[in-house]
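Residue-level listing of the chains:
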Amino acid sequence: MAKQPIITVNNLVKNYGDFNAVKDISFEVYEGEIFGLLGPNGAGKTTTLEIIETLRDKTSGQIIVDGFDVDKDPDSIKKRIGVQLQAAGYYPNLNLSELIELFSGLYGINKTPMEMLAKVALTDKAKAKYKELSGGQKQRFSIATTLINDPRIIFLDEPTTGLDPQARRNLWDLIREIRDNGTTVVITTHYMDEAEILCDRVAFVDGGRIIDIDTPDNFIDKLVASGFERKKEVKLANLEDVFINLTGKEWREG
Ligand code: ATP
């Protein structure tokens, strides 16, 4: 089946004053994939994502999200996407159940908190406040909030930063499950092992430009075919495998 683009970015430019942060980039995200934007700090990933999410103005270029143009119909785009809020967005005195009710109300959607919390294995924390959660639980909760409006696409900006290896792997399973249920996922990460395991395709961004886009497998095969060889022989396991082997894979925090 031909891949259908769900996001099309054409010739996107973003200037902050005299500074050219995004330099004429074009790419597509296909429906039903996990698409990774990779690149060093300051490459322009967050800027690009926030423009697609209709949260930041662009300087020029055209962006179509699920058939809608960011310039003409940002409200239709907002209804079709889920964006992770930063921690500051969660009212400190409400518990998780109340926060889900609040967000459902804002979307005008009737979702039961338990239904949403069950998706991210947090039903036992329904009465806890956001600040009382562990790092992994906070990330899972914020992913649950992106799903309230049954979005076509969710955007996750460095969702596993600061998490332990089990919590990261649990989150990867969750993100794959979301993709397998039909939601397209756009993710940024600084962890190349994560991108390699999780992403169907990745784009490398550097200095405001897209250097290349492909599947992780193709990127690695192309590099190897060009004659690249690792200096040291790779062992069949690494220290992270030891960690998981010794401490298990189950949800652990709290
Ligand atoms: P990171 O990996 O660190 O999150 P990033 O790839 O997401 O980086 P951006 O946050 O998009 O990068 O920033 C791209 C460039 O634009 C950086 O040089 C940054 O300093 C600059 N920039 C971002 N936001 C603004 C702003 N509001 N005003 C001026 N410059 C900005």
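Fair warning: this is a prediction, and the values are worked out from it, not measured in the lab.

Here's the deal with the overall build of the protein
Here's step 1: From N to C terminus, the protein includes nine helices and 10 strands.
Here's step 2: Taken over the C-alpha trace, the protein has a radius of gyration of 19 Å; the compact-globule value for 254 residues is 18 Å, and the two agree within 12%.
Here's step 3: Reported as C-alpha extents along the three principal axes, the dimensions of the protein are approximately 55 × 55 × 40 Å.
Here's step 4: Per-residue burial over the protein gives 45% buried out of 254 residues.
Here's step 5: Contacts in the protein between residues at least 24 apart in sequence constitute 65% of all its contacts with a sequence separation of at least 6.
Here's step 6: The positive charge centre, built from 32 side chains, and the negative charge centre, built from 40, are 3 Å apart in the protein.

Topic: the site of the ligand
Here's step 1: If you check the shell around the ligand, you find 14 residues, and the closest are N41, G42, K45, T46 and T47.
Here's step 2: Note that an oxygen atom of the ligand is positioned 2.5 Å from one of the side-chain N or O atoms of T47.
Here's step 3: Contact between the ligand and R56: a nitrogen atom at 3.3 Å from a side-chain N or O atom of the residue.
Here's step 4: Starting from 640 Å² of accessible surface for the ligand in isolation, the protein chains cover 61%.

A short note on the sheet that holds strand β1 (residues 5-16)
Here's step 1: Strands sit in the order β2-β1-β4-β5 across an open sheet of four strands; the sheet is antiparallel. Here the strands that pair on one side only, and so sit at the sheet edges, are β2 (19-30) and β5 (68-69).
Here's step 2: Sheet topology places β1 next to β2; nine bridges connect them, and they run antiparallel. Opposite L12, over in β2, you have I25 as the bridge partner.
Here's step 3: On top of the sheet, helix α1 (residues 45-52) reaches β1, β2 and β4 (60-65); it is set at about 120° to β1, its chief contact.

Concerning the packing of helix α6 (residues 165-180) against helix α9 (residues 239-247)
Here's step 1: Contact geometry for α6 and α9: axes closest at 10 Å, N-to-C directions at 90°. Relative to α9, the element α6 is oriented roughly perpendicular. Every residue of α9 that contacts α6 at P165, Q166, R168, R169 and W172 is listed here: E240, D241, F243, I244 and T247.

Things to note about the nonpolar core
Proteins that are soluble and globular tend to have nonpolar side chains buried together.
Here's step 1: Counting residues in hydrophobic clusters, the biggest one holds 36 residues, and the most contacted among them are F141, I143 and I175.
Here's step 2: Those elements that provide at least two residues to this core are β3 (34-38), α3 (96-107), α4 (113-119), α5 (135-146), β7 (153-157), α6, β8 (184-188) and α7 (192-198).
Here's step 3: Per-element accounting of this core gives the leading share, six residues, to α6.
Here's step 4: Residues within four places of F141 in sequence aside, it is in contact with Y90, L96, L99, I100, L117, L122, Y130 and L133.
Here's step 5: Listed in part, the 24 residues of the second largest apolar core include V9, I52, I63 and I81.

Thresholds, definitions, all that
Residues numbered from 1 in each chain as written. Predicted model: local features only at pLDDT ≥ 70, side-chain atom pairs only at ≥ 80, totals over all residues. Heavy atoms only, no water. Helix = DSSP H or I, 4+ residues; strand = E, 2+ residues; numbered from the N terminus. Rg over C-alpha atoms; globule rule 2.2 N^0.38 Å. Buried < 20%, exposed > 50% of the residue type's maximum accessible area, 1.4 Å probe, protein only. Contact = heavy atoms within 4.5 Å. Lys, Arg positive; Asp, Glu negative; His and termini not counted. Charge placed at Lys NZ, Arg CZ, Asp CG, Glu CD. Near = heavy atom within 4 Å. Polar contact = N/O pair within 3.5 Å; in protein donor to acceptor, adjacent residues only side chain to side chain. Areas by Shrake-Rupley, 256 points an atom, 1.4 Å probe, with all protein chains shown as cover. Pairing = 2+ DSSP bridges. Axes fitted to C-alpha atoms, helices over the stretch in contact; angles between N-to-C directions. Parallel < 35°, antiparallel > 145°, perpendicular 65-115°, else oblique. Core = buried A, V, L, I, M, F, W, Y, C linked by side-chain atoms within 4.5 Å.

Treat this as a map of the structure, not an account of what it does.
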